[in-house]
Amino acid sequence: AAYHLGKMSGLSDADGNPTGGLFGTAVACMGMLSTAAYVLTMDIFGPIADNAGGIVEMSDEPESVRAITDELDAVGNTTKATTKGYAIGSAALAAFLLFSAYMDEVSAFQGSLFNTVDIAIPEVWIGGLLGSMLVFLFSAWACAAVGNSAQDVVIEVRRQFSEKPGIMTYQEMPDYARCVSIVAASALREMKKPGLLAVGAPIAVGVTFRFYGSLTGQEMLGAKVVAGMIMFATVTGILMALFLNTAGGAWDNAKKYVELGAHGGKNSEAHKASVTGDTVGDPFKDTAGPSIHVLIKMLATITLVMAPLFLD
């Protein structure tokens, strides 16, 4: 809608080529970003309510207080899902603008017009499939990273409980700094694979198909395959991010709903199942989902910067 409304403005460049569509998309992107204060306010509500619940539980407050903070936390999960929708929307618009800039840059370097991507070309289709697969592999690695880091924390907590039994009776202080250090170090270590995948995949695909195109006589094949890869990765990433953000929040709220007394309440079979679901939901909504916003913008930026590598 933003593209077509901008196109109706009749704006054009010095050569007479219409540019109103991109201008309309850029204005829409800026309009979404102008609501940053509102989005941040809604996003911050969730962590505040979540931390309040943790403080209530650690300070041994009555169950009635915890019930109130659980309800607030459930509302916070919903507001966070809403704000993540804004984030993926702005990321999609930004990726579209970067993709258009990539096509213009390829045209400028190559000296010929490049404004269409033909997915009927087998190599371009393969690039698109690789782009879609990239999103799923990135999400899987992000979720696995959370599980590995959490296991390190579990081992450390068990060690502290065995060495300091007074922690459970509030007579000894836990070593919080040690746990924070483990999480920070593990997060940096586990993000190597997803980071290298996001940066290296488009470069590897573009360079590989550039040489393949030179051998088979197909002009600009590397640039075309990368364009198909970015198109498919962006579309798949948008849908995947929406799914992860919404499903993760739903799993978290399902656990809180059971803890309020539904389906047998705490310690019931339903509660055990909901805790397992929340264990999957947390990396969905707090790690993999938001990371895809960064992924699709990074892919578009990397291809824009590295475009000369993909040309003959």
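Residues numbered from 1 in each chain as written. Predicted model: local features only at pLDDT ≥ 70, side-chain atom pairs only at ≥ 80, totals over all residues. Heavy atoms only, no water.

K.L.:
Can you help me understand the overall build of the protein chain in this one?
P.N.:
Along the backbone of the protein chain there are nine helices and zero strands. From first element to last, N terminus to C terminus, the protein chain shows the α and β order α-α-α-α-α-α-α-α-α. Taken over the C-alpha atoms alone, the protein chain extends approximately 75 × 45 × 35 Å along its principal axes. Counting only residues that meet the buried cut, the protein chain has 39% of its 312 residues in that class. Nonlocal contacts in the protein chain, meaning residues at least 24 apart in sequence, comprise 75% of its contacts between residues at least 6 apart. Here the protein chain displays about 16700 Å² of accessible surface, and carbon together with sulfur accounts for 68% of that area. If the 19 positive side-chain charges of the protein chain are averaged to one point and the 29 negative ones to another, these points end up 4 Å apart. (Helix = DSSP H or I, 4+ residues; strand = E, 2+ residues; numbered from the N terminus. Buried < 20%, exposed > 50% of the residue type's maximum accessible area, 1.4 Å probe, protein only. Contact = heavy atoms within 4.5 Å. Areas by Shrake-Rupley, 256 points an atom, 1.4 Å probe, with all protein chains shown as cover. Lys, Arg positive; Asp, Glu negative; His and termini not counted. Charge placed at Lys NZ, Arg CZ, Asp CG, Glu CD.)

K.L.:
Looking at this model, I keep getting lost on the side chain of Ser-107. Mind explaining?
P.N.:
Among the secondary structure elements, Ser-107 is positioned in helix H4 (residues 63-110). Within the structure, the side chain of Ser-107 is placed 2.8 Å from the backbone nitrogen of Phe-114, a separation counted as a polar contact. (Polar contact = N/O pair within 3.5 Å; in protein donor to acceptor, adjacent residues only side chain to side chain.)

K.L.:
Can you walk me through the nonpolar core in this structure?
P.N.:
Membership of the largest hydrophobic core comes to 41 residues, with the highest contact counts inside it found for Tyr-102, Val-106, Phe-114 and Ile-292. Counting residues per element, the ones that place at least two in this core are H4, helix H5 (122-163), helix H7 (192-216), helix H8 (221-259) and helix H9 (269-305). It is H8 that provides the largest number of residues to this core, a total of 12 residues. Apart from residues lying up to four places away in sequence, Ile-292 is in contact with Val-135, Phe-138, Ser-139, Gly-237, Met-240, Ala-241 and Leu-244. (Core = buried A, V, L, I, M, F, W, Y, C linked by side-chain atoms within 4.5 Å.)

K.L.:
Help me understand the packing of H5 against H9 in this model?
P.N.:
The axes of two packed helices give the description: the angle between them and the distance between them. For the pair H5 and H9, interaxial distance at closest approach is 9 Å and the crossing angle is 140°. Between H5 and H9, the interaxial angle falls into the category oblique. Like other packed secondary-structure pairs, H5 and H9 cross with a definite hand, here right-handed. Where H5 abuts H9, its residues Leu-134, Val-135, Phe-138, Ser-139, Ala-142, Cys-143 and Val-146 lie against Pro-283, Phe-284, Thr-287, Ala-288, Ser-291, Ile-292, Leu-295 and Leu-299. (Axes fitted to C-alpha atoms, helices over the stretch in contact; angles between N-to-C directions. Parallel < 35°, antiparallel > 145°, perpendicular 65-115°, else oblique. Left-handed = near helix turned anticlockwise from the far one by under 90°.)

K.L.:
Help me understand the packing of aromatic side chains, please; the structure alone is not making it clear to me.
P.N.:
For any pair of aromatic rings, geometry is given as the distance between the ring centres together with the angle between the planes. Inspection of the entire model under this criterion finds five aromatic pairs. Between the aromatic rings of Trp-125 and Phe-232, the centroid separation amounts to 5.7 Å while the plane-to-plane angle is 85°, which identifies the pairing as edge-to-face. Placement of Trp-125 in helix H5 and of Phe-232 in helix H8 is noted, with a sequence separation of 107 residues between them. The exposure class of Trp-125 is partly exposed, given its relative accessible area of 40%. Through a chain of ring-to-ring contacts, the aromatic side chains of Phe-243, Trp-251 and Phe-284 assemble into a single cluster. If you follow Arg-210 out to its NZ or CZ, it ends over the ring of Phe-211, 5.4 Å from the centre. (Phe/Tyr/Trp six-rings, centres within 6.5 Å; stacked < 30°, edge-to-face > 60°. Lys NZ or Arg CZ within 6 Å of the ring centre and 35° of its normal.)

K.L.:
Teacher, can you tell me more about a nonpolar patch on the surface here?
P.N.:
On the surface, Ile-119, Trp-125, Ile-126, Leu-129, Leu-130 and Met-133 cluster together into a nonpolar patch covering about 520 Å² of accessible area. Within the secondary structure, Met-133 is located in helix H5. The exposure class assigned to Met-133 is exposed, which follows from its relative accessible area of 53%. (Patch = residues over 30% accessible without salt bridge, like charges linked within 9 Å, V, L, I, M, F, W, Y side chains within 5 Å. Salt bridge = Lys/Arg side-chain N within 4 Å of Asp/Glu carboxyl O.)

K.L.:
Got a minute to help me understand the pattern of salt bridges in this structure?
P.N.:
Pairs can form between side chains of opposite charge once their charged atoms are near each other. All told, the structure shown has 11 salt bridges when counted by the stated rule. Residue Glu-156 is joined to Arg-159 by a salt bridge in which the shortest nitrogen-to-oxygen separation is 2.5 Å. With Glu-156 and Arg-159 both in helix H5 and three residues apart, the pair spans about one turn of that helix. Among the residues examined, Glu-156 registers a relative accessible area of 5% and is labelled buried. For Glu-156, the salt bridge is made with Arg-178, and the minimal N-O distance between the two is 3.7 Å. Here the residue Glu-156 occupies a position in helix H5, and Arg-178 occupies one in helix H6 (residues 176-190), the gap between them amounting to 22 residues. On the accessibility criterion, Arg-178 (41% relative accessible area) is partly exposed.

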